Amino acid sequence: GFFRVGLPWGGGRPPNRPPGAMRISVNSLAGRELASLDVGPAWTKSDVCARLPPEALEGAGAAWVRLLHGCEELAGDATLDDMQVCDGSALQLVFDPAGRRKILTASSDHTAKLWQGGSCEGLRTLH
């Protein structure tokens, strides 16, 4: 199962949904849908993470957490609009509970990235 979390207007598809609102999925690294969210284009990583159900981040604690859209990371003040996230898009949630491991992520652009879990440092991009 997954969780549906809505914006203040209630989620779902109300007839008065604000312009630009969209439904996205947040998936685990294994591809399992963790949440389906109604979001606005100005949302940042903090906004998305704050609305994820606790179960989605179970074990993450204060550890390194990343949200990826394709091969791009949603980080800092970048918005969903900046990342060209649109209705029906999926974000990939990646975290390292121990904060010490190396993490490998792959993308549909046929690249893989190796990250240092604790420092968030990008170690290598493989093409």
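The structure this text deals with has already been given above.
Along each chain, residue indices are assigned from 1 in the same order as the chain's sequence is written. For this predicted model, a pLDDT threshold of at least 70 governs which residues receive local features, and a threshold of 80 or more governs which side-chain atom pairs are given and counted, while totals over whole chains, interfaces and linings are taken from all residues. For the side-chain quantities, the full set of heavy atoms in the structure was used; hydrogens and water were omitted.

Along the backbone of the protein chain there are one helix and nine strands. Helix and strand assignments follow DSSP, with helices taken as H or I runs no shorter than four residues and strands as E runs no shorter than two, numbered in order from the N terminus. Reading the protein chain from its N end, one meets helices and strands in the order β-β-β-α-β-β-β-β-β-β. The buried label goes to any residue with under 20% of its type's maximum accessible area, the exposed label to any with over 50%, and the partly exposed label to all in between, with areas taken from a 1.4 Å probe on protein chains only. Counting every position in the protein chain, which comprises 127 residues, the buried fraction comes to 43%. Here the contacts in the protein chain between residues at least 6 apart in sequence split such that 49% fall between residues at least 24 apart. It only takes one pair of heavy atoms within 4.5 Å for two residues to be counted as in contact.

The next point concerns the pattern of salt bridges. Salt bridge criterion: a side-chain nitrogen from Lys or Arg within 4 Å of a carboxyl oxygen from Asp or Glu. Per the stated rule, a full pass over the model turns up two salt bridges. Here Asp38 and Arg23 are joined by a salt bridge, their closest N and O atoms 2.6 Å apart. Placement of Asp38 in strand 3 (residues 33–39) and of Arg23 in strand 2 (residues 22–27) is noted, with a sequence separation of 15 residues between them. A salt bridge links Glu73 to Arg66; its shortest N-O distance comes to 2.0 Å. Judged by relative accessible area, which is 4%, Arg66 ranks as buried.

As a further point, take the environment of Leu57. With respect to the secondary-structure elements, Leu57 resides in the loop between helix 1 (45–50) and strand 4 (64–69). Linking Leu57 and Phe95, residues 38 residues apart in sequence, is a C-alpha distance of 8.2 Å. Contacts of Leu57, omitting those with residues within four sequence positions, involve Cys49, Leu52, Val65, Leu93 and Phe95.

What follows covers the environment of Gly88. Along the polypeptide, Gly88 turns up in the loop between strand 5 (72–74) and strand 6 (90–96). Residue Gly88 is classed as exposed on the basis of its relative accessible area of 60%. Sequence-wise, Gly88 and Ser25 are 63 residues apart; in three dimensions their C-alpha atoms are separated by 7.1 Å.

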